[in-house]
Amino acid sequence: MLDPASRSSDVLKIARDQVLERGEGLTQEQLVAVLQLGDDRLAELLALAHEVRMRWCGPEVEVEGIVSLKTGGCPEDCHFCSQSGRFPTPVRSAWLDIPGLVQAARQTKATGATEFCVVAAVRGPDKRLLDQVRQGIKAIRDDGNDIQIACSLGMLTQEQVDELVAMGVHRYNHNLETAKSHFPNVVTTHEWEERWDTLQMVKAAGMEVCSGGIIGMGESVEQRAEFAVQLAELEPDEVPMNFLIPNPGTPYENYPIVEGSEALRTVAAFRLAMPRTMLRFAGGRELTLGDLGAEQGMLGGINAIIVGNYLTNLGRPASQDIEMLAELKMPIKALNETL
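Below, the structure is looked at part by part. Note that this is a predicted model, so its numbers are computed, not measured. (Residues numbered from 1 in each chain as written. Predicted model: local features only at pLDDT ≥ 70, side-chain atom pairs only at ≥ 80, totals over all residues. Heavy atoms only, no water.)

1. Focus on the overall build of the protein chain
Rules: The helix count covers DSSP runs of H or I at least four residues long, the strand count covers runs of E at least two residues long, and both are numbered beginning at the N terminus. The buried label applies to any residue whose accessible area, calculated with a 1.4 Å probe on protein chains only, is under 20% of its type's maximum; exposed applies above 50%, and partly exposed to all values in between. We call two residues in contact whenever any of their non-hydrogen atoms come within 4.5 Å of each other.
A tally of helices and strands in the protein chain yields twelve helices and ten strands. Along the three orthogonal principal directions, the C-alpha set of the protein chain runs to about 60 × 40 × 35 Å. Across the 339 residues of the protein chain, 57% fall into the buried class. Within the protein chain, contacts between residues at least 6 apart in sequence are counted, and of these 77% link residues at least 24 apart.

2. Observations concerning the packing of aromatic side chains
The criterion, for reference: Within 6.5 Å between ring centres, the rings of Phe, Tyr and Trp (the latter by its six-membered ring) count as paired, and their orientation is classed by plane angle as stacked under 30 degrees, edge-to-face over 60, tilted in between. Whether a charge lies above a ring is judged from NZ of Lys or CZ of Arg, which has to be within 6 Å of the ring centre and within 35 degrees of the ring normal.
Tallied over the entire structure, the rule returns three aromatic pairs. An angle of 70° between the planes, with centres 5.9 Å apart, marks the rings of Phe227 and Phe270 as edge-to-face. Linking Phe227 in helix α9 (residues 221-234) with Phe270 in helix α10 (residues 260-273), this pair joins segments that are 43 residues apart in sequence. The same class applies to Phe227 and to Phe270, which are both buried. If you follow Arg128 out to its NZ or CZ, it ends over the ring of Trp95, 3.9 Å from the centre. Between Arg276 and the ring centre of Trp56, over which it is positioned, the NZ or CZ distance is 4.3 Å.

3. Considerations on the environment of Ala43
Mapped onto the elements, Ala43 comes out in helix α3 (residues 42-56). Residue Ala43 is classed as exposed on the basis of its relative accessible area of 59%. In sequence terms Ala43 and Arg265 are 222 residues apart; their C-alpha atoms lie 9.4 Å from each other.

4. Here we look at the pattern of salt bridges
Close approach of charged atoms allows side chains of opposite charge to pair. Counted only if it meets this: Each salt bridge in this description consists of a side-chain nitrogen of Lys or Arg and a carboxyl oxygen of Asp or Glu lying within 4 Å of one another.
The final tally for this structure, using the stated rule, is 26 salt bridges. Residue Asp143 is joined to Arg106 by a salt bridge in which the shortest nitrogen-to-oxygen separation is 2.9 Å. Of this pair, Asp143 sits in the loop between α5 (127-142) and β4 (148-152) while Arg106 sits in helix α4 (residues 98-110), and the two are 37 residues apart along the sequence. Judged by relative accessible area, Arg106 falls into the partly exposed class, the value being 41%. Connected through salt bridges with shared partners, the residues Glu62, Glu64, Glu115, Arg171, Glu208, Glu238 and Arg280 form a single ionic network.

5. Some words on α10
Each α-helix turn comprises 3.6 residues. Residues three or four places apart therefore point the same way. We apply this condition: To estimate how far a helix should extend, the number of its residues minus one is multiplied by 1.5 Å.
Its 14 residues give α10 an end-to-end C-alpha distance of 20 Å, which sits within 8% of 20 Å, the value for a rise of 1.5 Å per residue. The buried fraction of α10 amounts to twelve of the 14 residues, a majority that puts the element mostly inside the structure. Every buried residue of α10 is listed here: Ser261, Ala263, Leu264, Arg265, Thr266, Val267, Ala268, Ala269, Phe270, Arg271, Leu272 and Ala273.

6. Some thoughts on the nonpolar core
Keep this limit in mind: Definition of nonpolar core: a set of buried residues of the types Ala, Val, Leu, Ile, Met, Phe, Trp, Tyr and Cys, connected through side-chain atoms within 4.5 Å.
Counting residues in hydrophobic clusters, the biggest one holds 94 residues, and the most contacted among them are Phe116, Leu153, Leu164, Phe270, Leu272 and Met298. Per element, the largest residue contribution to this core is eight residues, and it comes from α10. If sequence neighbours within four positions are ignored, Leu153 has contacts with Val118, Ala120, Val122, Arg123, Gly124, Pro125, Leu129, Leu130, Val133, Leu164, Tyr172 and Asn173.

7. Things to note about the environment of Ile302
Note that Ile302 resides in the loop between α11 (285-298) and β10 (304-306). For the pair formed by Ile302 and Met54, sequence separation is 248 residues and the distance between their alpha carbons is 9.9 Å. With sequence-adjacent residues up to four places away left out, Ile302 is seen in contact with Arg53, Val267, Leu279, Arg280, Phe281 and Gly297.

8. Considerations on the packing of α9 against α10
Keep this limit in mind: Lines fitted to the C-alpha atoms define the axes, with helices restricted to the stretch that makes contact. Angles between their N-to-C directions range from 0 to 180 degrees. When the near helix sits turned anticlockwise from the far one by under a right angle, the crossing is termed left-handed; a clockwise turn instead gives a right-handed crossing. Charged residues are taken to be Asp, Glu, Lys and Arg, nonpolar residues to be Ala, Val, Leu, Ile, Met, Phe, Trp, Tyr, Cys and Pro, and polar residues to be all remaining types, Gly included.
Packing of α9 against α10 brings their axes to within 9 Å, and their N-to-C directions diverge by 35°. Two packed elements cross with a definite hand, and for α9 against α10 that hand is right-handed. For the pair α9 and α10, the contacting residues are Arg224, Phe227, Ala228, Leu231 and Ala232 in the first and Glu262, Thr266, Phe270 and Ala273 in the second. Among the residues forming the contact of α9 with α10, the class breakdown is six nonpolar, one polar and two charged.

Listed below in structure tokens is the structure:
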């Protein structure tokens with residue numbers, strides 16, 4: 001039986017051949033070995049993840065902004081979420097009007113972003129919400145804004161999927177959130193399979209699939225590896241990497257913040273699980289990693305980023321991220337190349 005140092009050396013050697021050279025993601029068992037690497041191997045791991053990203057995805061970075069169309073009052077009990085109406089959080093229900101949506105899209109386009117995601121805190125969209133999205137997309141287009149529009153509106157029916165396609169929504173976000181085995185500890189008002197089914201319908205309809213989750217919700221190392229493999233099976237176009245923000249009033253308000261080295265190791269592992277997938281820095285990265293960690297992540301497998309704020313949590317100014325990408329000589333993906 002190999003000692004831990006030998007196993008860690010072996011898994012990186014295997015990953016170099018399997019992932020970097022052949023473009024085949026690591027297995028669940030191999031990912032557990034990666035996630036168990038010591039901090040003394042972190043630089044080597046991040047360098048390999050960056051090589052994989054450059055080889056299979058290239059140097060470009062996709063920049064995205066998000067806006068909350070409907071905030072708070074969600075009937076679901078996702079334990080991490082300050083927008084659940086079941087928890088005594090400071091967030092209150094609110095709707096963004098159409099002029100506000102147009103302005104947000106305009107500001108997002110001005111940062112250089114090519115993607116604008118409209119988000120609503122709901123189990124799934126009702127007629128009022130879909131009408132608001134339809135009117136909002138029309139108003140954004142009437143404003144002369146050609147930015148790509150994505151949506152995150154919860155679980156969908158086939159009819160609703162078809163409606164979004166007809167509106168011109170090209171990407172749909174619905175996070176699986178965590179490994180299937182851990183999901184019942186995070187959400188009890190719906191099942192993991194319901195999220196999976198929505199994503200399968202989205203993919204079949206021709207929309208791009210965006211699905212990721214949150215690291216640091218009490219999952220084990222083995223469950224993180226399980227989650228990465230389940231996402232790889234889904235073959236999403238994009239995977240947002242969030243790190244838990246212990247929001248006041250939620251069941252997770254006293255959970256510890258994920259340590260920076262642990263977060264970076266997880267990002268690299270997800271890159272080695274999905275060599276060709278867009279891997280996006282999302283919520284919680286500022287809290288977990290700070291400014292230096294963000295740069296390390298961009299050099300450790302990440303190739304997409306959300307700029308500005310995250311729904312009910314503040315991010316850092318978009319200009320800082322744009323400047324960081326310029327310093328790292330990472331070109332921002334052009335809009336005309338994504339249409």
